[in-house]
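The chain contents come next:
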Amino acid sequence: CGDVGFGKTEVAMRAAFKAIEGGKQVAVLCPTTVLCEQHERTFQQRMADYPVHVESLSRFKTGSQAKRICESVGSGKVDILIGTHRLLSGDVHFKDLGLVIVDEEQRFGVEHKNQLMRFRVTVDVLTLSATPIPRTLHMALMGLRDISSLTTPPAARRAIVTEVVPHDKDRIRRGIIRELNRDGQCFFVHNRVHNIHNVANELRTRVPEARIIVGHGQMKAHELEDVMLRFIRREADVLVCTTIIESGIDIPTANTMFIADADRFGLAELHQLRGRVGRYKHRAYCYLMLPDSRALTEVAAKRLSAIEQFSMLGAGFKIAMRDMEIRGAGNVIGPEQSGHIATVGYQMYCQLLEQATAELKHTPLKQTHLTHLDIGIAGALPKSYIPSDSHRMAAYRRINRATDRQQLKDIQKDLTDAYGALPATAQRLVDLAQLRIALTDLRVTKLKRHDADLIFETQHIQQLYEHLGDAPGSVRMVDPPGLNQPASIYFRPPPAYLEDETILPVLRKLLMGS
């Protein structure tokens, strides 16, 4: 998951190269023909110095060309095959496929993704998206899929100015003229093919100094290719088009966009369209224009409010989360990719799903609550150790969510690899987390320190007595357990053990044996 222009294609190219190094073939699935052609050029340019054979399959290819490519793929002569849904056809057979890359994952339905499952036994799958659909995001958040997030914007990238405005002809003219004055280009998105040429003619009348061309998905393949190439070569100033430009088109000189009837678009679609501008260091503008002829629905108003609010760099993940809140998380095992989790709420739904899954597998449900510690000792990750606020918060979150000692060891190893040896305060934080996990396993709900006593609260007295029985010091029970009420067991170690730097190792030895 990486925002538009944050380098998902770069990750895909590196992954593809690693797969080819291992002697495997790579399939790259894209939603549109235009993006397919762009990827073919990008991959060929990037791998020009290596013996890598890149081909593409789309409606831009003739029947004889497609047949020749399919034969080359079957014999293993093609290393990377880039294509639209054509890749899912029955006549495409790979000799030794190792990696499937799905670009713009949110543009594919469940059935298309299920067709990829025939590869899954022997193939790795990498999906790329700035705004994953609710169902996919939900599966990732639940741990059914791994998710990585690209959060660092390219150097000199600036946020896109996003405004929801009425359909104003004077504003459109001013926006186009401003872009022409700084030697740039514009997109005008009108998602209705039947009258798109009327819209283009109206713009030519309104802005006669601009060179305006039209592109849409119902054009013949060579016509559409010619239009896109003319715009890329800067032989036109304004491209009036449908959402065919939505996915992955990279034209750094185009930095102003007008979207007509913006209330008809989905959140992810608006974010993707907006991502076609602002791909270089210049300030970009995106105008979401509302129609005069009809009132906004409540859901459309929420979508437009969200897209206007989340216009900062790296907002794609936040938009996907808001989309899931508005539309619901869909059906994990069915075809629906969105839909409301009726009245129970997202977190409760996840807990119910986890319980049901554990029952079906006949596995005990892992306790997620951890013991509350109040022993006068604190740990922390200093800013001098992890300078980035977001990375530091992520490390805190991982330590807090760890539910066994092995997870903590892995976290500690990751921190050491990334930032060096843990300082004393960070080590103390990890030690406290280990202690909390050990007490949770002993079913102790709370441990607090009061003067010279350590007070354990638990309803499982015998298990705790076994651990404290041989310890130096005295053990006594003050409050016996009541109905659904924990007992309070007081443990008083020798005075020397209550020094702050000593008490943690002593408690760990008592409770964990090391």
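Refer to the structure presented above.
Residues numbered from 1 in each chain as written. Predicted model: local features only at pLDDT ≥ 70, side-chain atom pairs only at ≥ 80, totals over all residues. Heavy atoms only, no water.

Looking at helix α3 (residues 63-75)
Residues that lie three or four places apart on an α-helix share one face, since the helix turns once every 3.6 residues. What counts here: Each helix is a run of H or I in the DSSP string that is no shorter than four residues. Each strand is a run of E no shorter than two, and both are numbered from the N terminus. Given a helix with a known number of residues, its expected span is that number minus one, times 1.5 Å. Buried, partly exposed and exposed residues are distinguished by accessible area as a fraction of the type maximum, computed with a 1.4 Å probe on protein chains only: under 20%, between the cut-offs, and over 50%, respectively. This arc describes the spread of directions from the helix axis toward the C-beta atoms. Note on contacts: a residue pair qualifies if any of its non-hydrogen atoms lie within 4.5 Å across the two residues.
Under the 1.5 Å per step criterion, the end-to-end length of α3 is 19 Å for 13 residues, consistent within 8% with the ideal 18 Å. Of all the positions in α3, only Ala-66, Ile-69, Cys-70, Ser-72 and Val-73 are classed as buried. Projection of α3 onto a plane perpendicular to its axis shows the buried side chains occupying an angular sector of 165 degrees, all on one side. Counted as exposed and oriented over 90 degrees from the buried face of α3: Gly-63, Ser-64, Lys-67 and Glu-71. The inward-facing, buried residues of α3 abut β1 (25-29), β2 (54-57) and β3 (80-83). Two residues or fewer past α3, Gly-76 is found with a positive phi of approximately 90 degrees.

Examining the sheet that holds β3
In plain terms, the rule: Strands are labelled as partners when DSSP assigns at least two bridges between them. Here an angle of 0 to 180 degrees is reported between the N-to-C directions of two axes, which are lines fitted to C-alpha atoms, with helices fitted over the stretch in contact.
Spatially, five strands are ordered β2-β3-β1-β4-β5 in an open sheet, and the strand pairing comes out parallel. Both outer strands of the open sheet, β2 and β5 (124-127), are each paired with one neighbouring strand and no more. Taken pair by pair, the neighbouring strands of this sheet meet at an average axis angle of 20 degrees, ignoring direction. Relative to β3, β2 runs parallel, the two sharing four bridges. Bridge pairing in β3 places Ser-56 opposite Ile-82. Sheet strands in contact with helix α1 (residues 8-21) are β1, β3, β4 (97-102) and β5, and its direction is about 170 degrees off that of β4. In this fold α3 packs onto β1, β2 and β3, with an angle of close to 130 degrees to the strand it touches most, β2.

Some details on the environment of Thr-243
Structurally, Thr-243 is set in the loop between β9 (238-241) and β10 (254-259). The exposure class assigned to Thr-243 is buried, which follows from its relative accessible area of 13%. Taking C-alpha positions, Thr-243 is 9.6 Å from Arg-192, a pair spaced 51 residues apart along the chain.

Points about the nonpolar core
When a protein is soluble and globular, its nonpolar side chains tend to lie buried together. Rules: By nonpolar core is meant a set of buried Ala, Val, Leu, Ile, Met, Phe, Trp, Tyr and Cys residues that side-chain atoms within 4.5 Å join together.
Judged by nonpolar contacts, the single largest core of 34 residues is most densely connected at Phe-187, Leu-239, Ile-245, Met-257 and Ile-259. Listed by contribution, the elements that provide at least two residues to this core are β7 (185-189), α8 (221-232), β9, β10, α9 (267-274), β11 (285-290) and α10 (298-309). For this core, the element with the most residues is α8, which contributes five residues. Residues contacting Met-257, with those up to four places away along its chain left out, are Phe-187, Val-189, Ile-245, Leu-273, Arg-274, Arg-276, Val-277, Tyr-285, Cys-286 and Tyr-287. One finds Phe-188, Ala-210, Val-240 and Phe-258 within the second-largest nonpolar core, a separate group that totals 20 residues.

Considering the packing of helix α6 (residues 169-181) against helix α7 (residues 196-206)
For any two helices packed against each other, one specifies the crossing angle of their axes together with the interaxial distance. Rules: Roughly parallel here means an angle under 35 degrees, roughly antiparallel means over 145, roughly perpendicular means 65 to 115, and every remaining angle is called oblique. Each residue is assigned to one of three groups, with Ala, Val, Leu, Ile, Met, Phe, Trp, Tyr, Cys and Pro labelled nonpolar, Asp, Glu, Lys and Arg labelled charged, and all others, Gly among them, labelled polar.
The geometry of α6 relative to α7 is characterised by a closest axis approach of 10 Å and an angle of 70 degrees between their N-to-C directions. Between α6 and α7, the angle is such that the two are roughly perpendicular. On α7, the residues that touch Lys-169, Asp-170, Ile-172, Arg-173 and Ile-176 of α6 are Glu-202, Leu-203 and Arg-206. A class-by-class count of the residues in the contact of α6 with α7 yields three nonpolar, no polar and five charged.

Focus: the environment of Ala-19
As for its position among the elements, Ala-19 is in helix α1. When its relative accessible area of 14% is taken as the criterion, Ala-19 is described as buried. Sequence separation between Ala-19 and Leu-99 is 80 residues, and the spatial gap between their C-alpha atoms is 6.7 Å.

Let's talk about a negative patch on the surface
Spelled out, the test is: Only residues whose relative accessible area exceeds 30% and that form no salt bridge are eligible for patches; like-charged ones are grouped when within 9 Å, while nonpolar side chains (Val, Leu, Ile, Met, Phe, Trp, Tyr) are grouped when within 5 Å. Surface accessibility follows the Shrake-Rupley procedure with a 1.4 Å probe radius. Residue values consider only the protein chains on display as shielding. Criterion for a salt bridge: a side-chain nitrogen of Lys or Arg within 4 Å of a carboxyl oxygen of Asp or Glu. Neither His nor the chain termini are counted; the positive set is Lys and Arg, and the negative set is Asp and Glu. In this description, the location of a charge corresponds to atom NZ of lysine, CZ of arginine, CG of aspartate or CD of glutamate.
On the surface, Glu-223, Glu-225, Asp-226 and Glu-235 cluster together to form a negatively charged patch. Topologically, Glu-223 is positioned in helix α8. On the accessibility criterion, Glu-223 (35% relative accessible area) is partly exposed.

Focus on the packing of α1 against helix α2 (residues 33-46)
Here is the rule we go by: Two helices that cross are described as forming a left-handed crossing if the nearer one is turned anticlockwise from the farther one by less than a right angle, and a right-handed crossing if clockwise.
At a closest axis distance of 11 Å, the pairing of α1 and α2 adopts a crossing angle of 55 degrees. With respect to each other, α1 and α2 are oriented oblique. For the pair α1 and α2, the crossing hand works out as right-handed. In this structure, α1 contributes Thr-9, Glu-10, Met-13, Arg-14 and Ala-16 to the contact, and α2 contributes His-39, Thr-42, Phe-43 and Arg-46. Among the residues making up the contact of α1 with α2, the classes are represented as three nonpolar, three polar and three charged.

A closer look at the packing of aromatic side chains
Put simply, the rule reads: For this analysis, a ring pair means two rings from Phe, Tyr or Trp (six-membered ring only for Trp) whose centres lie within 6.5 Å, classed as stacked if their planes differ by under 30 degrees, edge-to-face if by over 60, and tilted for the remaining angles. Whether a charge sits over a ring depends on NZ of Lys or CZ of Arg being within 6 Å of the ring centre and within 35 degrees of the ring normal.
This model, assessed by the stated rule, comprises five aromatic pairs. Ring centres 5.0 Å apart and planes at 65 degrees place the aromatic pair Phe-17 and Tyr-50 in the edge-to-face group. Separated by 33 residues along the polypeptide, Phe-17 in helix α1 and Tyr-50 in the loop between α2 and β2 bring together distant segments of the chain. Connected via pairs of aromatic rings, a cluster forms that spans Phe-188, Phe-258 and Tyr-287. Note that Arg-178 overlies the ring of Tyr-285, its terminal NZ or CZ placed 3.8 Å from the centroid.

Observations regarding the sheet that holds β10
The sheet built from six strands is open, its strands ordered β6-β11-β10-β7-β9-β8 with parallel pairing. The strands lining the two open edges of the sheet, one partner per strand, are β6 (161-166) and β8 (212-215). Each neighbouring strand pair of the sheet contributes to a mean axis angle of 20 degrees, computed without reference to strand direction. As defined by bridge partners, β7 adjoins β10 across five bridges and the pair is classed as parallel. Directly across from Gln-185, in β10, lies its bridge partner Ala-254.

What about the pairing of β8?
Inclusion rule: Call a crossover right-handed when, viewed with both strands pointing away from you, the route from the first strand across the helix to the second goes clockwise.
Here β8 shows two buried faces, one formed by Ile-212 and Val-214 and the other by Ile-213 and Gly-215. Of the strand pairs in this sheet, β8 and β9 are connected by four bridges, and their pairing is parallel. Across the sheet, the residue bridging to Val-214 is Val-240, located in β9. Handedness of the β8-α8-β9 crossover: right-handed.

A look at unusual backbone geometry
Backbone geometry places Arg-234, a non-glycine residue, at a positive phi of 65 degrees. Topologically, Arg-234 is positioned in the loop between α8 and β9. Although it is not a glycine, Asp-261 sits at a positive phi angle of roughly 50 degrees. On the secondary structure map, Asp-261 appears in the loop between β10 and α9. Overall, the relative accessible area of 22% leaves Asp-261 in the partly exposed class.

It is worth stressing that arrangement in space is one thing and function is another; only the former is reported here.
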